[in-house]
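Chain by chain, the residues run as shown.
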Amino acid sequence: MNPETISEFIKKAGKPVSFREISDAFTLRASERKKLKRILNELIAQGKIIRNRKGLYLSVHEAKLVTGYFEAHRNGFGFVIPDSPKDTDIFIPPNATMGAMHGDRVVARLEHRRKREGRIIRILERTVKRIVGTVEKSGPIFYIQPRKRNIPQQIILAPQDDMNVKPGDLVLAEITTYQALNKPLVARLLKVFEKPKTPKEDTEILVYEYELPKRFPQNVSTLSKEVADRGISKRQFKDRVDLRELPTVTIDGENAKDFDDAVSIKKTRNGFILWVHIADVSHYVQWNSPIDIEARQRATSVYLPDRVIPMLPPELSENLCSLIPKTPRLTFTVELHLNNSGHIKKSLFYPSVIQTVERMTYTSVKKILIDKDKEEIKRYRALVSHFERMAELCEILKDKRRKRGSLDFDLPEPEVLLDIKGDPQAIIKAERNLAHFIIEEFMILANEAVAEFLYSKNIPALYRVHEEPEANKIQYLAKIIRNLGVLKGDLKPSGFYEFIELIKGTPQEEIVNYLILRSLKQARYSPENVGHFGLASRCYTHFTSPIRRYPDLVVHRILKEYLLKGKLSKEKTEELKEILPDIAIHSSRMERRADDVERDAIQIMRVWFMKDKIGEEFLGKVTMVTPEGLRVRLEEYYIEGFLPVSHMSDDFYQYDENRYCLTGVKRKKKFTIGTSLNVRVSRVSLSEREIVFDI
């Protein structure tokens, strides 16, 4: 008797079943019924079964309910993102949220199938436990206005003896009482922040706001030091393929400290042999060890402009596991034999030992391949031909992916340049060059090869899945793009690739790519393989970054155990089926948290950078149109701000929903996505992290 068999029995019963019926079906003795009760409670907490008002148990699927995470909107409504990648998102109106907060794990009932509208009926797990906000006062009552805009609830500050706050204070508080809709939450004061004087101090508050771990537990740090101090001995090379003679390199950014992957290449008469070597973290971090439990909880490293909050302690992430140049390192290698068309003819997976010959940067490889820099070519003379082979294979692989319909947006991302004090000097578009594409293509290929192998062997695994966008989002997207004058007929997901190719090089390219990207669902982890829409891949996983992503570490362990034993035991298979869904859900949620905090951290740097530029004028481009105004991104800096309609004083502007634009009543001047305009910086709010423009 285990959770899997109990869940399966309830699912197959086809009707609500009582505790006695379950107990009798498994012929349990009185002493075993306590365990059954515990398992049933666990299954309810996980959202796999529910207990109805009559005390009977039934599966969530049977009750036509959906479990997932709630994505809240600042206006009170939200969406339930289902755990199963086969289900579509459910819209939850403001009066049907049951007081759920952003990120809460919930059970929802679908009430309008055609509109995909529903109601939350149970909150399984509260995600928001601490909040950062500004203190306000109404009569004798102090309450907190949360800094996060997707928390619309008012939060009352419970009186306490040591409370010394005043309106306007920025505080950290812990929620002690969760109430139903339209009733306030109650919180206990934990900390009053001093007004931040630097971007670094502001980012520190962000760490509290997202409840990011500030340090590793003592037992994890101690164990990591012990493991690192033991280092690597030649005894550990046993049963590994020795690849130290291969000309192997890492290619990363200038500031990288954790090197997950290294590559080697050889040109053959009929194609290429590509070796992708990945740090063998699983050799050092065992299932359910203290380090593993902490890594599973963190699930991902978080990269902020001025710091990294790593998944693994620095002794491992930056030292023992990291593929440091010219140093022997234990790795897990994917060896791929490809023909001249980029098709895999043979794939091999094995533990290995490597020693990189150089720690290359994207900039340096670009200088060699694109700029033909004589000094750089001379410095790395022995490797130049290898980089040329890599570039050749990269173009073949990229073309192959394009032909199958893979979406290549190549959208710019912000890069914050910091001075010696950690203040932002500039915020620019991060450059992506051929060297980035080489590593990207090789990692995608390795991830696909591992996924295909595990799937073909029917081995339980974690997949990286990405579903097709929903029909209503496609219709809305098509309407906007038609109004930009770059789409004549219909737009279907299967035609995204051709359309993206069609608009390449046009003034609308970047804006339209952003619109398409916004219409897509977020990729996530799942034990179910439903393919990856964005990559047009039938089978995809994450394998290549086990230092900074927990799912990669899990996939390493599964693949390694299968290769070692030739199969997975029945017990191991059952165990994986039980734990993988929870790991997938938690890892996906932590990834979203990391995305949110990284985005907010960059916004902090933007407002601190712009705070001294009030009154200055800049050329910008409209990136979003709303009834309230325009989102405008500056040309000189990779910075966005908001231009409210009330600040557009040259005319009275009205929002046209069908044409997705603001139009002046008198002058008929039209602002839509992609429109260029001059703006003046009107206001910069450090507390609200907001930049406001005038026209």
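Look above for the structure.
Residues numbered from 1 in each chain as written. Predicted model: local features only at pLDDT ≥ 70, side-chain atom pairs only at ≥ 80, totals over all residues. Heavy atoms only, no water.

**Student:** A description of the sheet that holds strand 29 (residues 653–656) should follow, citing residues and the corresponding values.
**Tutor:** Ordered by their spatial adjacency, three strands build an open sheet running 29-30-31, and the pairing between neighbours is antiparallel. Of all strands in the sheet, those bounded by a partner on one side alone are strand 29 and strand 31 (670–672). Going across the sheet, the axis of each strand differs from the next one's by a mean of 25°, ignoring polarity. (Pairing = 2+ DSSP bridges. Helix = DSSP H or I, 4+ residues; strand = E, 2+ residues; numbered from the N terminus. Axes fitted to C-alpha atoms, helices over the stretch in contact; angles between N-to-C directions.)

**Student:** How would you explain the pattern of salt bridges if you had to name every residue and give the values?
**Tutor:** Here the structure, examined in full by the defined rule, presents 52 salt bridges. Here Arg 401 and Asp 408 are joined by a salt bridge, their closest N and O atoms 3.2 Å apart. Each member of the pair, Arg 401 as well as Asp 408, is classed as buried. The partner of Lys 572 in a salt bridge is Glu 575, with the nearest N and O atoms 3.7 Å apart. On the criterion of helical spacing, the pair formed by Lys 572 and Glu 575 is a turn pair, its members being three residues apart in helix 16 (residues 570–610). Here the salt bridges share partners, and the residues they tie into one network are Glu 204, Lys 214, Asp 306 and Arg 307. (Salt bridge = Lys/Arg side-chain N within 4 Å of Asp/Glu carboxyl O. Buried < 20%, exposed > 50% of the residue type's maximum accessible area, 1.4 Å probe, protein only.)

**Student:** Please give an account of the packing of helix 5 (residues 218–230) against helix 6 (residues 290–298) that cites residues and values.
**Tutor:** Between helix 5 and helix 6, whose axes approach to 9 Å, the crossing angle comes to 120°. Judged by the angle between their axes, helix 5 and helix 6 are oblique. In this structure, the crossing between helix 5 and helix 6 has a hand that is left-handed. In this structure, helix 5 contributes Asn 219, Val 220, Leu 223 and Ser 224 to the contact, and helix 6 contributes Pro 290, Ile 291 and Glu 294. A class-by-class count of the residues in the contact of helix 5 with helix 6 yields four nonpolar, two polar and one charged. (Parallel < 35°, antiparallel > 145°, perpendicular 65-115°, else oblique. Left-handed = near helix turned anticlockwise from the far one by under 90°. Contact = heavy atoms within 4.5 Å. Nonpolar A, V, L, I, M, F, W, Y, C, P; charged D, E, K, R; others polar.)

**Student:** Please provide a residue-by-residue account of the packing of aromatic side chains, values included.
**Tutor:** Throughout the structure, instances matching the rule amount to 14 aromatic pairs. Relative to Phe 91, the ring of Phe 77 has its centre 5.7 Å away and its plane inclined at 45°; by these criteria the two rings are tilted. You can see Phe 77 sitting in the loop between strand 3 (65–72) and strand 4 (78–82) and its partner Phe 91 sitting in strand 5 (residues 90–92), a full 14 residues away along the chain. Ring geometry for Phe 618 and Tyr 637: centres 6.1 Å apart, planes at 65°, overall edge-to-face. Remark: Tyr 637 occurs in the loop between strand 27 (629–634) and strand 28 (640–644) and Phe 618 occurs in strand 26 (residues 617–626); sequence separation between them is 19 residues. One exposure class covers both Phe 618 and Tyr 637, and it is buried. In this structure an aromatic cluster arises from ring pairing among Phe 77, Phe 79 and Phe 91. The ring centre of Tyr 210 lies 4.1 Å from the NZ or CZ of Lys 148, which sits over that ring. Note that Lys 398 overlies the ring of Phe 437, its terminal NZ or CZ placed 3.5 Å from the centroid. (Phe/Tyr/Trp six-rings, centres within 6.5 Å; stacked < 30°, edge-to-face > 60°. Lys NZ or Arg CZ within 6 Å of the ring centre and 35° of its normal.)

Read these as spatial facts, not as claims about activity.
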